[in-house]
Amino acid sequence: MKNTLFILLLLPFHVFGMDQVTKEYPELTDFFESSEFKRIPQREIGIGDFYDNSVFAATLFEISNIAMTKRVLLNSHYIDRNLITAEELKYIICHELGHLNDKKIFSQLIPLSIGLGVLDIGLVLWTLNSVRKGEWNYLLKKIGISSCLRIAYSFVLAKEARNRETFADEYGINITKNKAAAFSILTKRKQTHENTKYRFNFLNKIKNLFADHPTEDARIAHINSLS
Ligand SMILES: [Zn+2]
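About the thresholds
- Residues numbered from 1 in each chain as written.
- Predicted model: local features only at pLDDT ≥ 70, side-chain atom pairs only at ≥ 80, totals over all residues.
- Helix = DSSP H or I, 4+ residues; strand = E, 2+ residues; numbered from the N terminus.
- Contact = placed C-beta atoms within 7 Å.
- Buried ≥ 20, exposed ≤ 12 C-beta atoms within 10 Å, placed from the backbone.
- Pairing = 2+ DSSP bridges.
- Expected span 1.5 Å × (residues − 1).
- Domains from an automatic or database assignment.
- Nonpolar A, V, L, I, M, F, W, Y, C, P; charged D, E, K, R; others polar.
- pLDDT = per-residue confidence, 0-100.
- Axes fitted to C-alpha atoms, helices over the stretch in contact; angles between N-to-C directions.
- Parallel < 35°, antiparallel > 145°, perpendicular 65-115°, else oblique.
- Left-handed = near helix turned anticlockwise from the far one by under 90°.

### Quick notes on the overall build of the protein chain
And then number 1: Counting its secondary structure elements, the protein chain contains 10 helices and four strands.
And then number 2: Its C-alpha atoms give the protein chain principal-axis dimensions of roughly 70 × 45 × 30 Å.
And then number 3: A fraction of 80% describes how many contacts in the protein chain between residues 6 or more apart in sequence connect residues 24 or more apart.

Okay, here's the thing in structure tokens:
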């Protein structure tokens, strides 16, 4: 899961059907038709053209008319057996299905995200109030307090987003029972953003505190610890 803004950027031009997946990965046909897969609720899956190829898949919650549509979109770029194996793709799909079936996304993550927007508006209005009144000596103090509050809130929000990833990883392993496929796809994911790393490690550590995904190393370690 990415934050809402990012998901909007990811919205694909076209959404293709699953036949492209089964054409490229005929060995997954059995899985999609198995009772094991059909028991998983909310299994709407499509393939989209993504803008960002560091993302393998995304889970979308769209409100159309009055109903909420939930679906998993796979990045068409990766529907390629030279890039991703069938077992890895199966893990990706099951991880995303974990997001679709995670009740805490609605009860915790989305309310917290909305809260950040409300907090931002409140802080801007509060700060602007000093500008309007010409209380310049308060202004700097207010900017300082606002920044601290926002950083603290972002930290809590990011931590909750990472918890949701951990839930989806556990869900994926529960269905696929294939830790090796999870490790190999997470290693590939790590490689896709290796070049976005900072040169100084302490900066990476700070970045990780505000990241919406745990590091791949942390995810692999957690999956390893599952029985
Ligand atoms: Zn995820």
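There's more to say after this.
### Quick notes on unusual backbone geometry
And then number 1: Positive phi values are uncommon outside glycine, yet K177 reaches one of about 50°.
And then number 2: Looking at the secondary structure, you find K177 in the loop between helix 7 (136-176) and helix 8 (179-192).
And then number 3: By the C-beta count within 10 Å, which is 8 here, K177 ends up exposed.

### Some thoughts on the pairing of strand 2 (residues 45-48)
Within a regular strand, side chains alternate between the sheet's two faces.
And then number 1: The pairing of strand 1 (residues 15-16) with strand 2 spans two bridges and is classified as antiparallel. Directly across from F16, in strand 2, lies its bridge partner I47.
And then number 2: Sheet analysis places strand 2 next to strand 4 (residues 67-75), joined by four bridges and oriented parallel. Bridge pairing in strand 4 places G48 opposite N75.

### Looking at helix 5 (residues 86-100)
And then number 1: Here helix 5 is 15 residues long and its end C-alpha atoms lie 21 Å apart, about the 21 Å a rise of 1.5 Å per residue gives.
And then number 2: By the criterion of burial, helix 5 is predominantly enclosed, with 13 of the 15 residues buried.

### With respect to the domain arrangement of the protein chain
And then number 1: Taken domain by domain, the protein chain consists of domain 1 (6-102) and domain 2 (104-225).
And then number 2: Averaged C-alpha coordinates put domain 1 and domain 2 at centres separated by 24 Å.
And then number 3: The interface of domain 1 with domain 2 comprises 16 residues on the first partner and 18 residues on the second.
And then number 4: Each residue belonging to the side of domain 1 that touches domain 2 can be placed in one class, and the counts come to seven nonpolar, five polar and four charged.

### Quick word on the environment of L119
And then number 1: Position of L119 among the secondary structure elements: in helix 6 (residues 103-133).
And then number 2: Taking the C-alpha atoms as reference, L119 lies 8.8 Å from L149; in sequence the two are 30 residues apart.
And then number 3: Excluding its chain neighbours within four sequence positions, the residues that come into contact with L119 are L149, R150 and Y153.

### What to know about the confidence of the model for the protein chain
And then number 1: Overall, the predicted model of the protein chain reaches an average pLDDT of 88, with 93% of residues at or above 70.
And then number 2: Helix 10 (residues 216-225) holds the highest mean pLDDT among the elements of the protein chain, 96, whereas helix 1 (residues 4-10) holds the lowest, 53.

### Overview of the packing of helix 7 against helix 10
And then number 1: Taken N-terminus to C-terminus, the directions of helix 7 and helix 10 make an angle of 45°; their axes are 10 Å apart at the nearest point. Overall, the two elements helix 7 and helix 10 adopt an arrangement that is oblique. In the packing of helix 7 onto helix 10, the handedness of the crossing is right-handed. Taken together, the residues of helix 10 that come into contact with helix 7 (itself represented by T166, D169 and I173) are R219, H222 and I223.
And then number 2: In terms of residue class, the contact of helix 7 with helix 10 is made up of two nonpolar, two polar and two charged.

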